[in-house]
Amino acid sequence: DKIFVNGFNGVANRFCISIQLCLIRYFGFLEDDWKTLIVENIGEFIASQLGMTEFEKKLLNDYGQRAMSRSFHIQQILKYLQYRRWEPILDEPAIEKWLIERGMEHDNERWLLDKLCQKLHYDKILRPAIGTLERIVGSISERLNEETYYRLMFLLTPDLQEKLDKILAFDKALKMPTHRWLCLQPTSNTAKSINQTLDKVAYLQEIKVPTWDLSAIPINRKKRLANIV
């Protein structure tokens, strides 16, 4: 690192390039206002590593007066760390596909966002603004529904679709929609409750639910869908 940093002219340049080098390496991103976030003990540590007598805030203030210089330094740092910048056209489709696979297991948006940040760091892609990642993660919910339907489409024969539609219709004998009847949980262990549960099992067997192959859906996604139902 010292060999790389010493290749730049100026004390302020070497100091601030060292800071940026560490931020990108350890966090995988660089805040626009990173200079205002550097605390004194960090500055003193970096200064001592560079053989400077002391850390002065002036080093941060003097750095990057020219935008072209800052841009050039970032390019060199990324090249040295073997990182690359985020490319929306290239990265978003791949990230969405990756998120769908993770989301089928666990669709909590905060968890997905955290895992996405970790992935970008591991893949050495300079993380874009967090708002960009939040937008991508926020759109995954609908994509997960589409993926679920896609994986189960082979089950949806015309006959089964007709039976599923009827589940939402009002049943005069039950005095409620069949879906509502299926969702009601027994409140006692009386003969009536037991018979009602057996009737539900018989109904599900009639539409061949036990034969459905749901192996394409991860267990956590099944639980999620069950909660929605």
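1. Considering the overall build of the chain
Piece 1. A count of helical and extended segments in the chain gives 13 helices and 4 strands.
Piece 2. Expressed along its principal axes, the backbone C-alpha trace of the chain runs to roughly 85 × 35 × 25 Å.
Piece 3. The buried share of the chain, taken over its 229 residues, is 31%.
Piece 4. In the chain, the share of contacts with a sequence separation of at least 24, taken over all contacts with a separation of at least 6, comes to 62%.
Piece 5. Put simply, the chain has 33 plus and 30 minus side-chain charges, and the middle of one group is 2 Å from the middle of the other.

2. Side note on the confidence of the model for the chain
Piece 1. The predicted model of the chain has a mean per-residue pLDDT of 91, with 100% of residues at 70 or higher.
Piece 2. The least confident element of the chain is helix α4 (residues 57-62), whose mean pLDDT is 82; the most confident is strand β2 (residues 125-126), at 96.

3. Notes on the nonpolar core
Piece 1. Grouped together as the largest cluster of nonpolar side chains are 26 residues, with contacts concentrated most on Phe15, Ile17, Ile19, Ile24, Trp34, Leu60 and Ile77.
Piece 2. Contributing elements (two or more residues each) for this core: α1 (2-5), α2 (11-27), α3 (40-49), α4 and α5 (67-81).
Piece 3. Counting residues per element, this core draws most heavily on α2, which supplies 8 residues.
Piece 4. Residues in contact with Ile17, not counting those within four places in the same chain, are Phe4, Val5, Phe8, Tyr63, His73 and Ile77.
Piece 5. Counting residues in hydrophobic clusters, the runner-up holds 20 residues, among them Trp98, Leu120, Ile136 and Val137.

4. Digging into the side chain of Glu92
Piece 1. On the secondary structure map, Glu92 appears in helix α6 (residues 88-105).
Piece 2. The buried category is assigned to Glu92, whose relative accessible area is 14%.
Piece 3. When neighbours within four sequence positions are excluded, Glu92 is seen to be in contact with Trp86, Glu87, Arg135 and Ile136.

5. Observations concerning a negative patch on the surface
Piece 1. Together, Glu40, Glu44, Glu54 and Glu56 make up a region of like negative charge exposed at the surface.
Piece 2. According to the relative accessible area criterion, Glu44 is partly exposed, its value standing at 41%.

6. A few points about helix α8 (residues 130-138)
Piece 1. Every buried residue of α8 is listed here: Leu133, Ile136 and Val137. Along α8, the residues classed as buried sweep out an arc of 95° about the axis, all on the same side.
Piece 2. Those residues of α8 hidden inside the fold are in contact with α6, α7 (109-122) and α9 (140-152).

7. Structural notes on the side chain of Gln20
Piece 1. With respect to the helices and strands, Gln20 occurs in helix α2.
Piece 2. You can call Gln20 buried: its relative accessible area is 3%.
Piece 3. Residues in contact with Gln20, not counting those within four places in the same chain, are Leu30, Trp34, Tyr63, Ile74 and Ile77.

Each value, and the rule that gives it
Along each chain, numbering runs from 1 in the same order as the chain's sequence is written. Given that this is a predicted model, residues contribute local features only at a pLDDT of at least 70 and side-chain atom pairs are listed and counted only at 80 or more, while totals for whole chains, interfaces and linings are drawn from all residues. Side-chain metrics rest on all non-hydrogen atoms present in the structure, leaving aside hydrogens and water. Only DSSP runs of H or I reaching four residues or more are called helices, and only runs of E reaching two or more are called strands; each is numbered from the N terminus. Burial classes: relative accessible area under 20% of the type maximum marks a residue as buried, over 50% as exposed, and values in between as partly exposed (1.4 Å probe, protein chains only). Contact criterion: two residues are considered in contact whenever any of their non-hydrogen atoms come within 4.5 Å of each other. In this count, Lys and Arg are taken as positive residues and Asp and Glu as negative ones, while His and the chain termini are left out. Think of each charge as sitting on NZ of Lys, CZ of Arg, CG of Asp or CD of Glu. The pLDDT score gives, residue by residue, the confidence of the prediction method on a 0 to 100 scale. Within this scheme, the nonpolar core is defined by two criteria: the residues are buried Ala, Val, Leu, Ile, Met, Phe, Trp, Tyr or Cys, and they are joined through side-chain atoms within 4.5 Å. For patch building, the residue pool is restricted to those with more than 30% relative accessible area and no salt bridge; the joining distance is 9 Å between like charges and 5 Å between nonpolar side chains (Val, Leu, Ile, Met, Phe, Trp, Tyr). Under the convention used here, a 1.4 Å probe and the Shrake-Rupley method define accessible areas, while residue burial counts only the protein chains that appear. The term salt bridge refers to a side-chain nitrogen of Lys or Arg lying within 4 Å of a carboxyl oxygen of Asp or Glu. Summarising the geometry, the arc corresponds to the directions from the helix axis toward the C-beta atoms.

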